[in-house]
Amino acid sequence: MRDVFAGIGFMIAGIVTIITAQQFPTLPSLQYGPSLFPSLVGGGFCIGGAVLTLNALWQRRKAAAQEVQDDPTLATSPSEKMSWAMVLPPVAIVFYILASDYLGAMLTITAIMFLLMLLRKTKIYVALITSVVMSSAIYFIFSHYLLIPLPQGVLLGGSLPWIS
């Protein structure tokens, strides 16, 4: 049942994000404005929330049908355990906000991705390579193509050694 409420929460957050993004000012010379990326994220929240809600309802219905089939005298649904998957994304966001000014965006994203992959029982070398490659790609896309300044971090002296 938690997944149903989480899915509904994500859909509400997506709708609020889209509505808020539509209030951003637009520039007449551009085909898209500052509302594009938040609207895409809000749309992703809506789609992800809908999928999460529908999947949870489907699994709940399937589990109830299986339980009744196994023992018709049982009328209760199976108990649900709290999953770390629900807690880790908000914790990772808070960690990014607190640590990115010191560590820098690339190193912080790498650490978060590496930890999340290890918790999902990914092999260490796969987690390390994937987190480094993906965080580098994310950093370069945001900083060089989308021209969004990301924190460099004071740990490396305000600049990454391989970036001019």
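Residue numbers restart at each chain and count upward from 1, following the sequence in its written direction. With pLDDT at 70 or above as the cut-off, local features in this predicted model cover only qualifying residues; side-chain atom pairs require 80 or more to be listed or tallied, and sums for whole chains, interfaces and linings still use all residues. Only heavy atoms go into the side-chain values, all of them from the structure, while hydrogens and water stay out.

Could you give an account of the overall build of the protein chain, naming the residues involved and the relevant values?
In this text, helices come from DSSP runs of H or I with a minimum length of four residues, and strands from runs of E with a minimum of two, each type numbered from the N-terminal end. Counting secondary structure elements, the protein chain contains five helices and zero strands. Overall, the protein chain shows an N-to-C arrangement of helices and strands of α-α-α-α-α. Think of it in three bands: with a 1.4 Å probe and only protein chains considered, a residue is buried below 20% of the maximum accessible area for its type, exposed above 50%, and partly exposed in between. In the protein chain, which comprises 164 residues, the proportion classed as buried is 21%. Put simply, of all contacts in the protein chain between residues at least 6 apart along the chain, 56% involve residues at least 24 apart. Should any heavy atoms of two residues lie within 4.5 Å, those residues are counted as being in contact.

Tell me about the confidence of the model for the protein chain, and name the residues and values.
The pLDDT score gives, residue by residue, the confidence of the prediction method on a 0 to 100 scale. Predicted confidence across the protein chain gives a mean pLDDT of 79, with 82% of residues reaching 70 or more. Confidence drops under pLDDT 50 across residues 75–81; counting only partners more than four residues distant or on other chains, this segment forms nine contacts.

Describe unusual backbone geometry, with residues and values.
Here the phi dihedral of Lys121 falls at roughly 65°; this positive angle occurs in a residue that is not glycine. Take Lys121: it is sitting in the loop between helix H4 (105–119) and helix H5 (124–145). Overall, Lys121 belongs to the exposed group, its relative accessible area being 75%.

Run through the side chain of Thr108, naming residues and quoting values.
Turning to its location among the elements, Thr108 is positioned in helix H4. Residue contacts for Thr108: discarding those within four places in its chain leaves Phe95, Tyr96, Ala99, Ser100 and Leu103.

Let's hear about H5: which residues, and what values?
Because each turn of an α-helix spans 3.6 residues, side chains separated by three or four positions in sequence point in the same direction. One less than the number of residues in a helix, times 1.5 Å, gives the span that helix is expected to have. With 22 residues, H5 should cover 32 Å at 1.5 Å per step; its first-to-last C-alpha distance of 31 Å lies within 8% of that length. Ala127, Ser131, Ser135, Ser136, Tyr139 and Ser143 are the residues of H5 that are buried. Buried residues of H5, viewed axially, fall in a sector of 145°; they line one side. In H5, the exposed residues that point more than 90 degrees away from the buried face are Tyr125, Ile129, Val133 and Tyr145. Summarising the contacts, the buried residues of H5 are in contact with H4. As used here, the arc belongs to the directions running from the helix axis to the C-beta atoms.

Mind laying out the UniProt feature "transmembrane region" (unreviewed entry) in the protein chain, listing which residues take part and the relevant values?
UniProt positions are given in the numbering used here, feature names are shortened, and annotations may be inferred rather than shown by experiment. The UniProt record marks residues 37–58, 91–118 and 124–142 with the feature "transmembrane region" (unreviewed entry), using the residue numbering of this structure. Here residues 37–58 is 100% helix and 0% strand, with 31 Å between the C-alpha atoms at its ends. The span residues 91–118 is 96% helix and 0% strand, and its two end C-alpha atoms sit 16 Å from each other.

Go over the packing of H4 against H5, please, and point to the residues and values.
Angle between the axes and distance between the axes are the two parameters that describe a pair of packed helices. Simply put, an axis is a line fit to the C-alpha atoms, just over the touching stretch for a helix, and the angle between two N-to-C directions goes from 0 to 180 degrees. Relative to each other, H4 and H5 sit at 145°, their axes nearing to 8 Å. For the crossing formed where H4 meets H5, the hand is right-handed. Where H4 abuts H5, its residues Ala105, Met106, Ile109, Thr110, Met113, Phe114, Met117 and Leu118 lie against Ile124, Ala127, Leu128, Thr130, Ser131, Val132, Met134, Ser135, Ser136, Ile138, Tyr139 and Phe140. Residues of the contact of H4 with H5, tallied by class, amount to 15 nonpolar, five polar and no charged. Note: crossing handedness is left-handed where the near helix turns anticlockwise from the far helix by less than a right angle, and right-handed where it turns clockwise. Polarity classes work like this: nonpolar for Ala, Val, Leu, Ile, Met, Phe, Trp, Tyr, Cys and Pro, charged for Asp, Glu, Lys and Arg, and polar for all others, with Gly in that last group.

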